[in-house]
Amino acid sequence: MLKVENLAISFPVKAGLFSKRRHIKAVRGVSLTIQKGQIFGLVGESGCGKSTLAQAVIGMQRPTQGQVFFKGDDLYALSTPAFRAARQNMQMVFQDPFSALNPRFDVQRIIAEPMHIRGGFSGEQMEGRVLELLNLVGLSPEDRHRYPSDFSGGQRQRIGIARAISLHPELLILDEPVSALDVSVHAQIMNLLMDLHEELGLTYLFISHNLADVKDISHSVGVMYLGSFMEYGPTAQVFAQPLHPYTHSLLAAVLTLDQQKEPVITRGDIPSPIEVPPGCSFASRCPLAQPKCQVETPVLLEYRPGQLAACHYPVI
Ligand SMILES: Nc1ncnc2c1ncn2[C@@H]1O[C@H](COP(=O)(O)OP(=O)(O)OP(=O)(O)O)[C@@H](O)[C@H]1O
Ligand SMILES: [Mg+2]
């Protein structure tokens, strides 16, 4: 369904008149594959490049380097009509259900918006589809005449999900879809997403900084740090036997929170994406770093079937 190859995205940073132009390296050489019907979990701390990668996948951010193949086609090499068709076949659900919906439109209009844009639907067809979608996401038929401000966060996220699936897309990009929700609503929306995945045979790119969510929902996982993958592989395997010290520290933080102990916090700050240090980008915070890690950049190597890590000293 989706294949991303050696993707890099950088943004120019405003520089002084005489200083050299610099770049934020938001994504650095990411490759991943998602088979039809699978859920790929993308985890990493804030600012590591998850949303930037998602925007490149969905055709909103042309990569500086590398390619995105959607159903076998090189997305950024498609003709305009083929690109539009591909874009409609993949939809995005955003983190913030408050800003993602137009406050001046009622729910009927919001959910029907992608159908308006595509065109070719009668008023009756759109109304019928909106009723179907409301039912699918657990809202009532009367809700279609209400406005976003009338709904709670979880209900707004349901509206956003209904809109995203209105044109029967095959791939959904879920960019932190539950991060802004409180605990009980969080679980309800996770369940809805899992039900829809099952019922509609969808493929997901599921982005989260919450490892527990990714563990529950995904088949494979990519652990991102400073724009590149530190570890990649089958979710069950990565969680049971993580290879990379970074994955270990993320997992340790989750476990200790569960057990009400002192959280294990990785020392030091994340380096700037403008001045990515040489060697391993995680070396400055890694408890296992050796001199080699400061100079030589590790590449992703397969240490167990399907499980890769970019580390000179993986935990095996
Ligand atoms: N349009 C842009 N122009 C300049 N820099 C940008 C732009 N978009 C993102 N960045 C930078 O790229 C890096 C990655 O940002 P991104 O939003 O992809 O991270 P993220 O992993 O989604 O973070 P979060 O978990 O907070 O959503 C950050 O340093 C960010 O400041
Ligand atoms: Mg983001």
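A quick note: this is a predicted structure, and the numbers were derived from the prediction, not measured.

The rules we used
Residues numbered from 1 in each chain as written. Chains lettered and ligands numbered in written order. Predicted model: local features only at pLDDT ≥ 70, side-chain atom pairs only at ≥ 80, totals over all residues. Helix = DSSP H or I, 4+ residues; strand = E, 2+ residues; numbered from the N terminus. Rg over C-alpha atoms; globule rule 2.2 N^0.38 Å. Buried ≥ 20, exposed ≤ 12 C-beta atoms within 10 Å, placed from the backbone. Contact = placed C-beta atoms within 7 Å. Near = placed C-beta within 6 Å. Axes fitted to C-alpha atoms, helices over the stretch in contact; angles between N-to-C directions. Left-handed = near helix turned anticlockwise from the far one by under 90°. Nonpolar A, V, L, I, M, F, W, Y, C, P; charged D, E, K, R; others polar. Pairing = 2+ DSSP bridges. Domains from an automatic or database assignment. Core = buried A, V, L, I, M, F, W, Y, C linked by C-beta atoms within 7 Å.

Caption draft 1: Seen up close, the overall build of the chain. Scanning the chain for helices and strands turns up ten helices and twelve strands. Expected size for 316 residues packed as a compact globule is a radius of gyration near 20 Å; at 21 Å, the chain falls within 12% of this value. Once the C-alpha set of the chain is aligned to its principal axes, its extents read approximately 65 × 50 × 40 Å. Across the 316 residues in the chain, those meeting the buried criterion constitute 39%. The long-range share in the chain, meaning contacts at least 24 apart out of those at least 6 apart in sequence, stands at 64%.

Caption draft 2: The arrangement of the site of ligand 1 in detail. Of all residues adjacent to ligand 1, which total 13 residues, the nearest are Phe11, Ala26, Ser46, Ser51 and Thr52. Those elements that place two or more of their residues in the shell around ligand 1 are β2 (22–34) and α1 (50–57). Counting residues per element, the shell around ligand 1 draws most heavily on α1, at three residues.

Caption draft 3: Examining the packing of helix α3 (residues 107–118) against helix α5 (residues 153–165) more closely. Between α3 and α5, whose axes approach to 7 Å, the crossing angle comes to 35 degrees. With respect to the hand of their crossing, α3 and α5 are arranged in right-handed fashion. For the pair α3 and α5, contact is made by Val107, Ile110, Ile111, Glu113 and Pro114 and by Ile159, Ala162 and Arg163, respectively. Its residues placed into classes, the contact of α3 with α5 shows six nonpolar, no polar and two charged.

Caption draft 4: Main features of the sheet that holds strand β9 (residues 220–225). Pairing in this open sheet of eight strands is mixed, and the strands run β6-β7-β8-β3-β9-β10-β12-β11 from one edge to the other. Whereas interior strands pair on both sides, the edge strands pair on one side only; in this sheet they are β6 (90–93) and β11 (301–304). The average undirected angle you get between the axes of adjacent strands in this sheet is 20 degrees. Where β6 lies against strand β7 (residues 171–175), four bridges are found, and the strand directions are parallel. Among the inter-strand pairings, Met92 is bridged to a residue of β7, identified as Ile173.

Caption draft 5: The pairing of β11, seen in detail. The sheet contact formed by β11 and strand β12 (residues 307–309) spans three bridges and is antiparallel. The residue of β12 that forms the bridge with Arg304 is Gln307. Turn length for the β11-β12 hairpin, with the two strands adjacent in sequence and antiparallel, is two residues, and the turn residue Gly306 shows positive phi of about 80 degrees.

Caption draft 6: Representation of the domain arrangement of the chain within the structure. On domain assignment, one finds that the chain holds domain 1 (2–89 + 169–309) and domain 2 (101–168). The straight-line distance from the C-alpha centre of domain 1 to that of domain 2 is 29 Å. Listed as interface residues are twelve residues of domain 1 and, on the opposing side, twelve residues of domain 2. Counting residues per element, the side of domain 1 that touches domain 2 draws most heavily on helix α6 (residues 183–200), at six residues.

Caption draft 7: Highlighting the nonpolar core. The biggest cluster of nonpolar side chains holds 77 residues, and the ones touching the most others in it are Val57, Ile173, Leu174, Leu205, Phe206 and Val223. Residues from two domains meet in this core; each of domain 1 (2–89 + 169–309) and domain 2 (101–168) gives at least three. Once you skip the residues sitting within four places of it in the chain, Val57 turns out to touch Leu2, Val4, Val68, Ile173 and Leu205.

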